[in-house]
Amino acid sequence: MELLGNGSFLIEQLMNAIMLGCIYTLVAVGFSLFFGVLDVVVFCSGDIAVFGTFSLMGAYMIFETAGLTAMLPTPVWMMLLMGVAAILCAALGVFTYLSSIRPFEKSSSLMPLLSTIALGVVIRETIGLFFPLGRNPQRFPRLIPSGSFGGHALLSYRNVTIICVTFLVLLAVFFFLRKSKMGNAMQAMAQNKRLAAIAGINIRSVAITTFVLGGLLLSVAGFLIGAYYGTVRFDNGSLYGIKGFSAAVVGGLSNVYGAIIGGMLLAFIEVFVSILPGGAAYASAVAFIAVVIFMVAKPEGILGEKTVEKV
Amino acid sequence: MNRKRLSVCLAALLAVGTLFSGCGKEDDGGTPVGGADDRPVVKVGFMGPLTGGNASEGSAARNGFTMAFDQLNESGELPYYVEVVAMDDGSKPETATSAVQRLVTTDGIVAISGHWNSPAATATIPICKSNNIPLVIWGAIGESLTSAENYPIITRVCPTDRQENVTLAKYVLEDLGYKNIYIISDTTSYGQSNTQAFQEQMKKYDANLIGIDEVPDTQNDFRAILSKVKQAKPDAIFFGGVSMGGGLVKSQMVDAGMDDILLFGISGICSEDYIIAAGAENAEGTFSIKPGTDPTKTEVGQKFLADYEAKNYSVPVGAFTPYSYDAAQVIIQAMKDCEGEITAEKMIEKIAAVKANGLLGETQFDEIGQTTNPASYALVVQDGKWVPWEDSLYATGERTLPGRK
Amino acid sequence: MSKEKTAEKRNSGVPLLTAAMIWLAVFFTLYLNYNLSLPFLAVIVIAILTLEKKGVIESAYTACIKGRKIFLLAMLVGAILLPLALSARPYALHIGVLVCIYAILALGLNFQMGSADMVNFAPAAFFGIGAYTTGILTMNLGISPWFGVIIAAVVTCILGGLVGAPTLRTKGYYLSLVTMALQLIFSLVIVNIKAVGGPNGMAGLPGFAIGSFSLHQAHDFFGIRLPYQANYLYLALLLLAVLLFVAYRVNLSSKGLALNNIGQDEVVARCLGININKEKLFAFCIGGAFCGIAGAFYGHYMSFVGPDDYDFSKSLMIICMVILGGMDNPLGVTVGAFLLIGANEKLRDFADYQMLIYGLILMTALWLRPQGLIPKRVRNYELLFHKKVVLGPNKEKKEAVLPASEE
């Protein structure tokens, strides 16, 4: 096969990897946001994202039956749709904090991990049971028009939208963390909780804001998952959860920038192993092997800080 | 003090225990579906994936199965009331083993129908055999499940992977004349046995195998593989998997601009779910086969579809729902043949010798318990619906299948 | 003198009662009708919680250790009677066997997770490797299933060490992720290995046999026909008893203390002269061996080994057993396995709602009782080994510092 000879083939695969990487990255950034600020692994992040996809679809169904999609101009109802999904995801984020993180503040770090895993099961099953025909695959409505820039299949409106949305969302998160007062408070808390409290930072409200922010981020991830694949099933969340978590760890769990590198790295490994003849069966396995090797050789992740234990 | 307290606890435990066991009925049944009347009750078991990723297929099959017995009970043709005990096998051998253990020890069980997943069936078959309870397989297609050793206890109303692929290969490789095939399947036993069976057929018809890719069934992203496939330029892609994966492949094929390549597969993708997963506009021109006869064309079939609709089940008819309905018809016919008392031993004999009229035509079993009704018909997706090949615009030549020269 | 006598009497009474209660609870849970045993399980949980709170369990514990001969004898009698009492219900026996297997798995994981606070997310992979090892050996080489179990234990022990070695460098969440990735790799790779049946698995593993006595057939005992599951339940109970004993000895030994120390603070442990790497490897090896034994036993019991039974969700389930039962308490994790398997089997009646309820139960349990139903105990060496614990140079004054428990 002409792997290198044909330029468009490689570019096509690069594009595949970048798109996949965008989705992994958003979930991974969610993970590292939670971990960075509160030192907890929120394992149901993938499920929150898929919940976002389903709430978009549900809202769309309601809008359509109510005739809103025909009545209002497209940008308006699109914004409303996103708004509904974002609010629902943010609410779920806060619920996650209140039900699975806050009760375990003083116990071992294992407890939030397990209780978010349990919450993930609950979210997944709730979608499966209470969404109409929830256990069947669901078609995501076509929110991004088909067609492409300059007639080039790779630059379809959808691909461009996904990349732009990811970029803008990440930019917004960084600005929020860097420039806003709340963002600074989050960073202070990430560095030293007790000191942050002494400095007069309201730990509770910072924690809740973190989860609102994380929920918003994951709702965008949910939108991208729906738009990119066009089809979702209620149990897809666990897959994105594991992949996102792996990406976050590879990048260095507490580092939001590392999550981007981790997400992209994981996606590239998967795509390029799939290209090899018969490699598709092993793509995920190789990605996880890379994670293991990485962990063992450089446990603090790509951008994580090396912690030196002092006695 | 402690001893006193402990004795009190012991007494309480005993009391609670006896209370519980006292007011409970003797049977160990799972969820009984339907109510009873004053006729004597016999029970039939059903096993299938009611939870997990295959839950929609399993639940639809359970609904079809239960519906057949509801109809029987209403009609009063049998001097018995038949109760369906439905159990989840979770697509897993361990869960299936627990389920079958419970079924075979339920009082009054005379027959079981089960499984969509071949590994689950592999695990439960020895248990049914050692307990002498007949098992009619409705959806697992692994070829080795029915065999001379397992006959007459194990029978199957659906075709094996080989039977289906023989028919499909004849349609696609001979009648439609496709030559260069790329195989994509999932790594489940369903996918892998399909790949194997179809490859054998390809050798027979002298078709070219362009490449094979096996993908874990949880994977959503086929784009990297499809770009590779596009490069290899096959005429058609054989998909050996089920609806969700098939739909994702097809919609991602459209995204990648692979409009001139046919996607086809056996009955695993031949369902509404596939069209939903692919998107109605993307699914156009997918080719598949369904064993049996077309339900929309026969009277029984139309009645079945209407009845299913009327029941307002939460899942639509799946690819294998007609089989579970026919498995029920086989059991019902065998019950009628028993003429009098229905026991599991008698049922084994009667099921093996059954001639049952169902949705897919007349079902009979051969000397290894496999249905002799392999009649299949081809379908194609046209305007968001599975349409029988003969009736489609593709057969008349108004539209052409992708990649057909 | 009379006081001594009553003390002796009490020493025999409480253990007997405790053993009776344990077996009755087990019997009723397994025997009861399925719609009733869930409330019954709830009653058991509430009873354990109240008794634990009032200190009854603690004193029963002490009394059982004091009168341990009588207690063990009573437990033995119960173990012999249980399969007989359940002989009419093969399904109940089957659940009993499953409980024993999962209890062994939970004990194995407890060495790592309970004692040393290293969360291993791959117990199901070891479980599977044990089953596959004996499957390959008995099916292809025709060796006896008994040897299959032993070799499976050795293989998983070595693999435990191999997995443990690289993870020594990682800690906390990172360790969890490495084991999680290993678990997923196991599931993804095993379906692609055609030699072990790929996704179809291997069917027809031979059952255990003692001479010509096959455990895979029903036998008559004193006029009672025992289904084949009863044979396996006897064997499983024996295996569980042996491994529970091993787990307790390890827990009480210096190894157990060292692991606890590592779990609490590695730096302190290092300062105390504990060889951290050695102890951690030990935890991985012995834990792996436990899981391997369980897997091999399971494979021969089911006569089937397939990839679907050893996936990530199975690992999560085992982890939940350890947490719900009580970390670092062999007895607790056994109770955890019993309750979760019981609940899981009973919840099957809810079909569509099964997983939802399972998740909700888990969340509530974590919420209400994060330390587990029967949390870990302070090791009472004085009581266990009839040795005075002596601390410090002044022998006379500082004897028996560890808490004396009764009354």
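Worth saying up front: this structure is predicted, and the values here are computed from it rather than measured. (Residues numbered from 1 in each chain as written. Chains lettered and ligands numbered in written order. Predicted model: local features only at pLDDT ≥ 70, side-chain atom pairs only at ≥ 80, totals over all residues. Heavy atoms only, no water.)

(A) Examining the overall build of chain C more closely. The helix and strand tally for chain C stands at 16 helices and 6 strands. Every one of the 407 residues in chain C was classed for burial, and the buried ones make up 60%. In chain C, the share of contacts with a sequence separation of at least 24, taken over all contacts with a separation of at least 6, comes to 77%. As presented, chain C carries roughly 16,500 Å² of accessible surface, and 69% of it is formed by carbon and sulfur atoms. (Helix = DSSP H or I, 4+ residues; strand = E, 2+ residues; numbered from the N terminus. Buried < 20%, exposed > 50% of the residue type's maximum accessible area, 1.4 Å probe, protein only. Contact = heavy atoms within 4.5 Å. Areas by Shrake-Rupley, 256 points an atom, 1.4 Å probe, with all protein chains shown as cover.)

(B) Geometry of the packing of helix H6 (residues 157–179) of chain A against helix H9 (residues 203–229) of chain A. All names here are of chain A. In the contact formed by H6 and H9, the axes pass within 10 Å of each other and the chain directions differ by 170 degrees. Looking at the two axes, H6 sits roughly antiparallel to H9. Residues Arg158, Asn159, Ile162, Val165, Thr166, Val169, Val173 and Phe176 of H6 lie in contact with H9, whose contacting residues are Thr209, Leu213, Leu217, Val220, Leu224, Ala227 and Tyr228. (Axes fitted to C-alpha atoms, helices over the stretch in contact; angles between N-to-C directions. Parallel < 35°, antiparallel > 145°, perpendicular 65-115°, else oblique.)

(C) Layout of the confidence of the model for chain A. On average, residues of chain A score 86 in pLDDT, and 95% of them reach the 70 mark or higher. For residues 1–6 of chain A, every residue scores under 50 in pLDDT, and the model assigns this stretch 9 contacts once sequence neighbours within four places are set aside. (pLDDT = per-residue confidence, 0-100.)

(D) Spatial organisation of the sheet that holds strand S8 (residues 208–215) of chain B. Residue and element names in this part refer to chain B. Across the sheet, 7 strands lie side by side as S8-S7-S9-S10-S11-S14-S15; this open sheet has mixed pairing. Edge strands, defined here as strands with exactly one partner in the open sheet, are S8 and strand S15 (385–388). On average, each strand axis in the sheet is inclined to that of its neighbour by 25 degrees, with strand direction left out of account. Pairing geometry for strand S14 (residues 376–382) and S15, over 4 bridges, is antiparallel. When the sheet's bridge partners are listed, Leu379 is paired in S15 with Pro388. Here helix H7 (residues 223–232) sits on the sheet and contacts strand S7 (180–186), S8 and strand S9 (236–240); the angle it forms with S7, its principal contact strand, is near 165 degrees. (Pairing = 2+ DSSP bridges.)

(E) Highlighting unusual backbone geometry. B:Tyr151 connects to B:Pro152 through a cis peptide bond whose omega is 0 degrees. Positive phi, normally seen in glycine, also occurs at B:Asn132, with a value near 55 degrees. Here B:Asn132 lies in the loop between helix H4 (118–131) and strand S5 (135–137). On the accessibility criterion, B:Asn132 (35% relative accessible area) is partly exposed. Of note in the backbone geometry, C:Ser303 takes a positive phi value of approximately 45 degrees without being a glycine.

(F) Focus on the nonpolar core. Membership of the largest hydrophobic core comes to 281 residues, with the highest contact counts inside it found for B:Ile112 and B:Ile237. In contact with B:Ile112, other than residues within four places in its own chain, are B:Gly45, B:Met47, B:Val100, B:Leu103, B:Val104, B:Cys128, B:Ile133, B:Pro134, B:Leu135 and B:Val136. (Core = buried A, V, L, I, M, F, W, Y, C linked by side-chain atoms within 4.5 Å.)

(G) Examining the packing of H6(A) against helix H11 (residues 256–275) of chain A more closely. All names here are of chain A. At their nearest, the axes of H6 and H11 sit 11 Å apart, and the two run at 160 degrees to each other. Relative to H11, H6 is oriented roughly antiparallel. Every pair of crossing elements has a handedness; the one defined by H6 and H11 is left-handed. Seen from H6, the contacting residues are Leu170, Phe174, Leu177 and Arg178; seen from H11, they are Val256, Tyr257 and Ile260. Counted by class, the contact of H6 with H11 contains 6 nonpolar, no polar and 1 charged residues. (Left-handed = near helix turned anticlockwise from the far one by under 90°. Nonpolar A, V, L, I, M, F, W, Y, C, P; charged D, E, K, R; others polar.)

(H) Summary view of the packing of aromatic side chains. By the definition in use, this model includes 42 aromatic pairs over all chains. If you follow B:Arg223 out to its NZ or CZ, it ends over the ring of A:Tyr228, 3.7 Å from the centre. Between C:Arg89 and the ring centre of C:Tyr31, over which it is positioned, the NZ or CZ distance is 4.5 Å. (Phe/Tyr/Trp six-rings, centres within 6.5 Å; stacked < 30°, edge-to-face > 60°. Lys NZ or Arg CZ within 6 Å of the ring centre and 35° of its normal.)

(I) Seen up close, the interface of chain A and chain C. Across the contact, 45 residues belong to chain A and 37 residues belong to chain C. By the criterion of area lost to chain C, the three top residues of chain A are A:Leu110, A:Leu114 and A:Val296, representing 14% of everything that side buries. In this assembly, chain A and chain C are joined by 0 salt bridges. Between the two partners, chain A and chain C, sit 1 residue pair in polar contact (both at pLDDT 80 or more). The element that contributes the greatest number of residues to the side of chain A that touches chain C is helix H5 (residues 110–130) of chain A, accounting for 13 residues. (Buried area = accessible area lost by both parts, 1.4 Å probe. Salt bridge = Lys/Arg side-chain N within 4 Å of Asp/Glu carboxyl O. Polar contact = N/O pair within 3.5 Å; in protein donor to acceptor, adjacent residues only side chain to side chain.)

(J) Representation of the pattern of salt bridges in the model. Residues and elements named next belong to chain B. This model, assessed by the stated rule, comprises 23 salt bridges over all chains. With a shortest N-O distance of 2.7 Å, Lys336 and Glu77 are connected by a salt bridge. Here Lys336, found in helix H12 (residues 321–338), pairs with Glu77, found in the loop between helix H2 (55–75) and strand S3 (81–88); they are 259 residues apart in sequence, far enough to count as distant. A relative accessible area of 29% means that Lys336 is categorised as partly exposed. Classification of Glu77 as exposed rests on a relative accessible area of 51%. Note that Asp175 is salt-bridged to Lys170, the shortest N-O span being 3.7 Å.

(K) Quick look at the state of the cysteines. One pass over the full model with this rule turns up 0 disulfides over all chains. Of the cysteine sulfurs around B:Cys158, a residue in no disulfide, the closest is that of B:Cys270, at 14 Å. With relative accessibility at 0%, the residue B:Cys158 sits in the buried group. Left without a disulfide partner, C:Cys285 is nearest to the cysteine sulfur of C:Cys157, which lies 4.4 Å away. (Disulfide = S-S within 2.5 Å.)

(L) Spatial organisation of the pairing of S8(B). Residue and element names in this part refer to chain B. Examined bridge by bridge, S7 and S8 share 7 bridges and lie parallel to one another. Within the sheet, the bridge partner assigned to Ile184 lies in S8 and is Asp213. For the crossover from S7 across helix H6 (residues 189–205) to S8, the handedness is right-handed. (Right-handed = clockwise from strand over helix to strand, strands pointing away.)

(M) Summary view of the pairing of S14(B). All names here are of chain B. Burial within S14 is extensive, with 7 of its 7 residues counted as buried. Burial along S14 is two-sided: Ser376, Ala378, Val380 and Gln382 facing one way and Tyr377, Leu379 and Val381 facing the other are all buried. By the bridge criterion, 5 bridges tie strand S11 (residues 287–291) to S14 in an arrangement that is antiparallel. If you follow Phe287 over to S14, its bridge partner there is Val380.

(N) Molecular detail of the confidence of the model for chain C. Residues and elements named next belong to chain C. The pLDDT averaged across chain C works out to 83; a share of 90% of its residues lies at or above 70. Taken together, the stretch residues 394–407 has pLDDT below 50 and engages in 21 contacts with residues farther than four places along the chain or on a different chain. Interface confidence for the predicted complex, given as ipTM, is 0.86, next to a pTM of 0.86.

(O) Up close: empty space enclosed by the protein. A complete count under the given rule lists 8 cavities of 30 Å³ or more for this structure. By volume, the second largest cavity is sized at about 80 Å³. Forming the boundary of the second largest cavity are A:Leu20, A:Tyr24, A:Tyr229, A:Leu239, A:Tyr240, A:Lys243, A:Glu270, A:Ser284, B:Gln219, B:Asn220 and B:Asp221. Contributing elements (two or more residues each) for the lining of the second largest cavity: helix H1 (7–38) and helix H10 (236–251) of chain A. In terms of residues, the lining of the second largest cavity owes the most to one element, H10(A), which gives 3 residues. Looking at the lining of the second largest cavity residue by residue, the class counts come to 5 nonpolar, 3 polar and 3 charged. (1 Å grid on protein atoms, 1.4 Å probe; cavity = no way out; pocket = protein on both sides within 12 Å on 5 of 7 lines; lining within 4 Å. Points joined across faces, edges and corners; volume = space filled by probe spheres on them.)

(P) Spatial organisation of the environment of C:Ala106. Structurally, the position occupied by C:Ala106 is in helix H5 (residues 90–115). If near-sequence neighbours (up to four positions away) are discounted, C:Ala106 is found in contact with C:Ile318, C:Met321, C:Val322 and C:Val333.

(Q) Structural context of the environment of A:Val160. All names here are of chain A. Following the sequence through the fold, Val160 ends up in helix H6. We classify Val160 as partly exposed; its relative accessible area is 23%. As a C-alpha pair, Val160 and Met19 span 141 residues in sequence and 9.5 Å in three-dimensional space.

(R) Inspection of helix H4 (residues 68–85) of chain C at higher detail. Residue and element names in this part refer to chain C. The end-to-end C-alpha separation of H4 is 25 Å, in line with the 26 Å expected for 18 residues at 1.5 Å each. Turning to H4, its buried residues are Phe71, Ala74, Met75, Gly78, Ala79, Leu82 and Pro83. Projected down its long axis, H4 carries its buried residues within an arc of 155 degrees, all on one side. Opposite the buried face of H4, at more than 90 degrees from it, the exposed residues are Lys69, Leu73 and Leu76. (Expected span 1.5 Å × (residues − 1). Arc of directions from axis to C-beta.)

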